[in-house]
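Structural overview
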Amino acid sequence: MNEALITRLRTLDHALKDDPKNKHDRAHVLINACIAEGVVHGSHIVDVLAGIGFNRRHIGMTLKKGIQPNPVWPYWGRHEDGTFYAPGPT
């Protein structure tokens, strides 16, 4: 796992805790951050976020529930090849 990526995500998560956001809202932000960082496969997103302390099942369920055909923040879409993408600018 890319340690620089983990460090950036941990830093973001700590900032979100200070906001304060609940864990579910933080998961949405961090899933989008993973996608923005190029982590676009579901199993990799789950692995990365589990590596910073999130529950694998929670992330997997959140990832699945957040799929939209025309995503808008804070959700995402999924290509036919199974990779995820974040919403574009509005």
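Data block above holds the structure.
Now for a description of the structure that goes with this document. Please read these numbers as outputs of a predicted model, since none were measured by experiment.

**With respect to the packing of helix α2 (residues 23–36) against helix α4 (residues 56–65)**
Relative orientation of the contacting elements α2 and α4 amounts to 65 degrees, with a least axis distance of 10 Å. One finds that α2 runs roughly perpendicular with respect to α4. α2 and α4 meet at a crossing whose hand is right-handed. Counting all contacts with α2, which are made through K23, H24, A27, H28 and I31, the residues of α4 involved are H58, I59, T62 and L63.

**Observations concerning the packing of aromatic side chains**
Following the criterion strictly, the structure yields one aromatic pair and no others. A ring pair is formed by Y75 and W76, whose centres lie 6.3 Å apart and whose planes are at 55 degrees; its orientation type is tilted. Looking at Y75, the relative accessible area reads 28%, which means it is partly exposed. The ring centre of F54 lies 5.1 Å from the NZ or CZ of K23, which sits over that ring.

**Some points on the nonpolar core**
L9, I45, V48 and L49 are the most contacted members of the largest nonpolar core, which has 22 residues in total. Sorting elements by how many residues they give to this core places α2 first, with seven residues.

**Structural notes on unusual backbone geometry**
In this model, W73 is joined to P74 through a cis peptide bond whose omega is 10 degrees. By secondary structure assignment, the location of P74 is in the loop between α4 and β1 (77–78).

**Description of the pattern of salt bridges**
For the structure shown, the criterion picks out four salt bridges. Across the salt bridge formed by E37 and R8, the nearest N and O atoms sit 2.8 Å from each other. In this pair, E37 sits in the loop between α2 and α3 (42–51) while R8 sits in helix α1 (residues 3–18), placing the two residues 29 residues apart along the sequence. Given the relative accessible area of 38%, E37 is considered partly exposed.

Reading guide: rules and limits
- Residues numbered from 1 in each chain as written.
- Predicted model: local features only at pLDDT ≥ 70, side-chain atom pairs only at ≥ 80, totals over all residues.
- Heavy atoms only, no water.
- Axes fitted to C-alpha atoms, helices over the stretch in contact; angles between N-to-C directions.
- Helix = DSSP H or I, 4+ residues; strand = E, 2+ residues; numbered from the N terminus.
- Parallel < 35°, antiparallel > 145°, perpendicular 65-115°, else oblique.
- Left-handed = near helix turned anticlockwise from the far one by under 90°.
- Contact = heavy atoms within 4.5 Å.
- Phe/Tyr/Trp six-rings, centres within 6.5 Å; stacked < 30°, edge-to-face > 60°.
- Buried < 20%, exposed > 50% of the residue type's maximum accessible area, 1.4 Å probe, protein only.
- Lys NZ or Arg CZ within 6 Å of the ring centre and 35° of its normal.
- Core = buried A, V, L, I, M, F, W, Y, C linked by side-chain atoms within 4.5 Å.
- Salt bridge = Lys/Arg side-chain N within 4 Å of Asp/Glu carboxyl O.

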